[in-house]
Every structure is written in structure tokens, then in C-alpha cells.
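# Residue-level structural notes
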Amino acid sequence: MREYNLLEGYPPPKFPRYVSNDLRKISNRIIAINRDKEFFDGNRNNGYGGFSYDGRWKNLALKIIDEYNLNNGSNFLHINSEKGFLLYDMHSLNSRINLFGLESSAYAKENTLKEVYNNIKIGDYLNLDYPDNHFDFVLAIGVVYSFNLKDAIKSILEIQRVTKKNSFLTLASYENEKDYFLFKKWTLLGNTILKKKEWREVLDYCNFTGDYFFTNASSLHLKEKN
């Protein structure tokens, strides 16, 4: 188990992401939990504010292949694969990697890039329908901390179960009250936000052996709107 920034090199936002009590209200969170058209391609306060392919995942795809030694015949699972942008770039780099995407959103599946449409299925993130030790690498960005603590633990255990070699998680964290409320005001789907030492205790409890990175106010470039 190691703390590792797999996402380093992913294009940062051009401007700070501003948060306030007047943005991303509970009404926006209610809309976002459905992860449908409004979340992906609607108002920015409800989600992405427009989610289309622009090639920004290619560097991450290269890094995954290199860092985790994926090659012909390797099995790769992307939990929360959304519209398949990362899977598409993985396929473009090496079409012989066995690519699997898992989604909870019918809208995301319907709007997946055609080249990898058949690689993605709708499923339950807490009950992965795959054999033990099946994947050489499992990626779960923004997944674990979307659950309450009990289900976050269950999701980690499931990821650990289906992985035979490597995995990578992002975990929502904070170090002080300011950081906590910046993240809390920004996140639409985050439910478990812990201090780093607390997350490490959770990972130890799960006997997690993969890599992880802490998502927080700093990594997301969050700032309070005056």
C-alpha cells in the first residue's frame, strides 16, 4: 500500500473552483445523485456542466500502462467509467488490453464512445460481478468516498477481492476545518470525508494493498467565493 499521485499530469483547472453557500445547494445534490443528463451535461452546479471527449485522459492512460505494466492480455477494470473516455484512450494505445468498464448511470452508458461501448456494463459498485483476483489493475476515481463509511469499506474490500496485482483509489480528505468545509461545499456526491490518518486506518482494516491518493481542497483548487 502506498500513497501515490497517479493523477499528476492530468490537466488542472485553468481557474480556481469557487465555492459558497449559494452554489451547489441541496437541490443540486438531489439532482446530481441520479447521475443522468443533468449531472453530466447540464448546469455546472449540478455536475460537470458538459462532459465531452477532449483527449485529456491520454496521459493518464499512458501512465497507467507504464506504471502498472499492462500489456497484451492484461485485465483492466475502470469503476465509474462514465462515458468511456479513459477506456477509449487505453484502447487506442493498446487494443490487446482487456478493458472493462463498470457504470451505475444508464445515461453515461448510452453516451459512451462507440469504440468502447461494449466494454462497459451497468452494475453495482458494492457487489462487483467478477471473479476473485481477476484484474491486473482496478481504477476507482471518486467512488469510495461517495458512500457512507460502512459501504466505503465494503467497496474497498470488493476492489481488493477482484484485484490480483494493483489498484488505485481516490479518497476525500481534509486536515482542518477550513479544508473540510471547502470540500463539503464543492462535492455533490461525496459522503465520507476523513482525515488522512483516518483513511489509512480504514485501508489497514481492509488489508488494502493498492495505491491511493487524497482528494482535497488543495488538489481540487477550491477557494471560497467572497
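For the structure itself, look to the data block above.
We now turn to the structure provided with this report.

A count of helical and extended segments in the protein chain gives 8 helices and 9 strands. Its C-alpha atoms give the protein chain a radius of gyration of 17 Å, near enough to 17 Å, the size a compact globule of 226 residues would have. Counting every position in the protein chain, which comprises 226 residues, the buried fraction comes to 46%. Sequence-distant contacts, at least 24 apart, represent 72% of the contacts inside the protein chain between residues at least 6 apart. On the protein chain, roughly 11,500 Å² of surface is accessible, and the fraction owed to carbon and sulfur atoms is 46%.

Bringing the packing of helix H6 (residues 149-162) against helix H8 (residues 196-205) into the picture now. For the pair H6 and H8, interaxial distance at closest approach is 10 Å and the crossing angle is 50°. By the angle between their axes, H6 is oblique relative to H8. Two packed elements cross with a definite hand, and for H6 against H8 that hand is right-handed. Residue-level inspection shows Leu149, Ile153 and Ile156 of H6 in contact with H8, the latter providing Val202, Leu203 and Tyr205.

For the rest of this paragraph, the subject is the nonpolar core. Residues Ile79, Val144, Ile156, Ile159, Leu169, Leu171 and Trp199 are the most contacted members of the largest nonpolar core, which totals 39 residues. Looking at this core, the elements with two or more residues in it are strand E3 (75-79), strand E6 (135-140), H6, strand E7 (163-172), helix H7 (177-186), H8 and strand E8 (211-215). Ranked by residue count, the leading element in this core is H6, at 5 residues. If we ignore the near neighbours within four places in the chain, the residues touching tryptophan 199 are Val144, Tyr145, Leu171, Ala172, Ser173, Thr192, Leu194 and Phe214. With 29 residues, the next largest nonpolar core counts Ala61, Leu87, Val116 and Leu188 among its residues.

Let's shift gears to the sheet that holds strand E1 (residues 2-3). The 7 strands are arranged E1-E8-E7-E6-E3-E4-E5 in an open sheet whose pairing can be described as parallel. Every other strand in the sheet has two partners, leaving E1 and strand E5 (120-122) as the edge strands with one partner each. Relative to E6, E3 runs parallel, the two sharing 4 bridges. Each residue of the ladder has a partner; that of phenylalanine 76, found in E6, is phenylalanine 137. Packing of H8 onto the sheet brings it into contact with E1, E7 and E8, and relative to E8 it is tilted by some 150°.

Right, let's get into the environment of asparagine 216. On the secondary structure map, asparagine 216 appears in the loop between E8 and strand E9 (222-224). Since its relative accessible area comes to 14%, asparagine 216 is described here as buried. For the pair asparagine 216 and threonine 170, spaced 46 residues apart in sequence, the C-alpha to C-alpha distance is 9.8 Å. Separated by 3.1 Å, the side chain of asparagine 216 and the backbone nitrogen of serine 218 make a polar contact.

Rules behind the numbers
- Residues numbered from 1 in each chain as written.
- Predicted model: local features only at pLDDT ≥ 70, side-chain atom pairs only at ≥ 80, totals over all residues.
- Heavy atoms only, no water.
- Helix = DSSP H or I, 4+ residues; strand = E, 2+ residues; numbered from the N terminus.
- Rg over C-alpha atoms; globule rule 2.2 N^0.38 Å.
- Buried < 20%, exposed > 50% of the residue type's maximum accessible area, 1.4 Å probe, protein only.
- Contact = heavy atoms within 4.5 Å.
- Areas by Shrake-Rupley, 256 points an atom, 1.4 Å probe, with all protein chains shown as cover.
- Axes fitted to C-alpha atoms, helices over the stretch in contact; angles between N-to-C directions.
- Parallel < 35°, antiparallel > 145°, perpendicular 65-115°, else oblique.
- Left-handed = near helix turned anticlockwise from the far one by under 90°.
- Core = buried A, V, L, I, M, F, W, Y, C linked by side-chain atoms within 4.5 Å.
- Pairing = 2+ DSSP bridges.
- Polar contact = N/O pair within 3.5 Å; in protein donor to acceptor, adjacent residues only side chain to side chain.

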